[in-house]
Amino acid sequence: MRKSLLLVIMLLSFIACKDTTKDSINDLIRIPVNVDDVTEDINSFLEKIEIVPLETNDSILFDIPSSIFYDKKSDIYVVMSDMDVFTFTGDGKSIGNSVKKRGQGPDEYTMVVDMKFNHFLHGIDLLNPYGIIYTYSPTFELLARRTFNPEFPLSYIMPLDSSHYVFKYASLWVDQEIGFVNLETGNINLANYDGMISGGNGLEHPHFHKIDNGLYFIPQGIDYYIYQIDTLKKKVSPVMYLDFGKAEIKESELPGRASGKRVDNDKARMDVAKAYSERHNFLRKSEQHVIPMQKLFNKDYVYIFIKKGKEMWHYIYNRLKGEGYLIKNEVPMRMYPCFGMDNNVLLACCLPTELPSVIDRRFMTQQQIEIMESLKDDDNSVIVKYYLKQ
């Protein structure tokens, strides 16, 4: 009897310890995603809304951004449009742009597929898909130009230190994998993951993230896992599972294939491409499947932009409270898809003409409303900051 009681106490102690360390590197964190229970009260999760118009003048005009990120440490927004890159302060003032850096000159670039802030060199990395990394200051003086020889064209990078990077190939001729490169030696190591349901079905977004002291990988496509990167072991492993319950898409029920594959002949490559496109297009046209298009997280929140047919939903999960909030079919409000998260602030970027429909004036100060009303239709894009209740 005494031994049984001791075993029960030990088991309960183990469970308690397990629960308190569920956010550790070795544990898979489950985030429940309820896509049926719509949040009716906007006050339950939203504190306030602010806007940051990005400066507009004759030399700073761009079309809809193809890529954008916010770097908290430097308090800088970096925007790419038609491969031109623009930098702005946290309050929207222009810092510089790369318009005059397009070309064949020694300090110029011709093509960019990704960009990332490089705190080791105090600049912004611009990635050419064929293995060239240009690092510019925020005012676009060239700080470094470094190269390596990737096996296939590249799509995404992130600096790990001044000479080591993690990267993702763009090719269909590789497995579900990321790579690590040492620019000084050229050595490349590959690490596999295995969670993709359908690649390519999702919004364009940065794949690599530094959150607090951790490094994370969020692939583009239908993948219910967020992965943690181990730079010492050169490994990537799932750390968070987004549990959509019955709405989760099962790979066994889909045509085609989820991702690319390493094969050694042209016929096999064509077969891979055909099967990949079959699944991608099937889900792109689907009116029934619930598709996570964008995923963001930090230690306090998870944000998911979701699409079902023509419907657009947003799901916000407060990890501290263990509560989820679903915004569905513009109830309780219409939001713009978010590109980033800064503590309890979700960041979106829209055109001035779209702004009135993606905010709620009740959550804005009179000064902010006046700023919004002063915007012109042909001004540059506007940052929308949705402050979540803590």
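Residues numbered from 1 in each chain as written. Predicted model: local features only at pLDDT ≥ 70, side-chain atom pairs only at ≥ 80, totals over all residues. Heavy atoms only, no water.

1. A closer look at helix H2 (residues 266–285)
In step 1: The first and last C-alpha atoms of H2 sit 28 Å apart over 20 residues, in line with the 28 Å expected at 1.5 Å per residue.
In step 2: Within H2, the full set of buried residues consists of Ala268, Val272, Ala273, Ala275, Tyr276, Arg279, His280 and Leu283. Along H2, the residues classed as buried sweep out an arc of 170° about the axis, all on the same side. Of the residues in H2, the exposed ones pointing more than 90 degrees away from the buried face are Asp266, Lys267, Met270, Lys274 and Lys285.
In step 3: If you follow the buried residues of H2, they end up packed against strand S15 (196–199), strand S18 (221–223) and strand S21 (291–297). (Helix = DSSP H or I, 4+ residues; strand = E, 2+ residues; numbered from the N terminus. Expected span 1.5 Å × (residues − 1). Buried < 20%, exposed > 50% of the residue type's maximum accessible area, 1.4 Å probe, protein only. Arc of directions from axis to C-beta. Contact = heavy atoms within 4.5 Å.)

2. What to know about a negative patch on the surface
In step 1: A cluster of acidic residues, Asp36, Asp37, Glu40 and Asp41, forms a negative patch on the protein surface.
In step 2: Here Glu40 is to be found in the loop between strand S1 (29–32) and strand S2 (46–53).
In step 3: Here Glu40 falls in the exposed class, since its relative accessible area comes to 62%. (Patch = residues over 30% accessible without salt bridge, like charges linked within 9 Å, V, L, I, M, F, W, Y side chains within 5 Å. Areas by Shrake-Rupley, 256 points an atom, 1.4 Å probe, with all protein chains shown as cover. Salt bridge = Lys/Arg side-chain N within 4 Å of Asp/Glu carboxyl O. Lys, Arg positive; Asp, Glu negative; His and termini not counted. Charge placed at Lys NZ, Arg CZ, Asp CG, Glu CD.)

3. Considerations on the nonpolar core
In step 1: Judged by nonpolar contacts, the single largest core of 61 residues is most densely connected at Ile49, Met240, Phe244, Ile306, Ile316, Leu355 and Tyr386.
In step 2: Counting residues per element, this core draws most heavily on strand S22 (residues 301–308), at six residues. (Core = buried A, V, L, I, M, F, W, Y, C linked by side-chain atoms within 4.5 Å.)

4. A few points about the side chain of Asp360
In step 1: Structurally, Asp360 can be placed in the loop between strand S26 (345–350) and helix H3 (366–373).
In step 2: Here Arg362 takes part through its side chain, which lies 2.6 Å from a polar atom of the side chain of Asp360.
In step 3: When neighbours within four sequence positions are excluded, Asp360 is seen to be in contact with Ile42 and Ile49. (Polar contact = N/O pair within 3.5 Å; in protein donor to acceptor, adjacent residues only side chain to side chain.)

5. Some details on the sheet that holds strand S13 (residues 177–182)
In step 1: With antiparallel pairing, four strands are arranged side by side in an open sheet as S11-S12-S13-S14. Taken across any chain shown, the strands that pair with only one partner, and hence form the sheet edges, are strand S11 (154–159) and strand S14 (188–192). Averaged over neighbouring strand pairs, the angle between their axes works out to 25° when direction is ignored.
In step 2: Of the pairings in the sheet, the one linking strand S12 (residues 164–169) to S13 comprises four bridges and is antiparallel in character. If you follow Phe167 over to S13, its bridge partner there is Gly179. (Pairing = 2+ DSSP bridges. Axes fitted to C-alpha atoms, helices over the stretch in contact; angles between N-to-C directions.)

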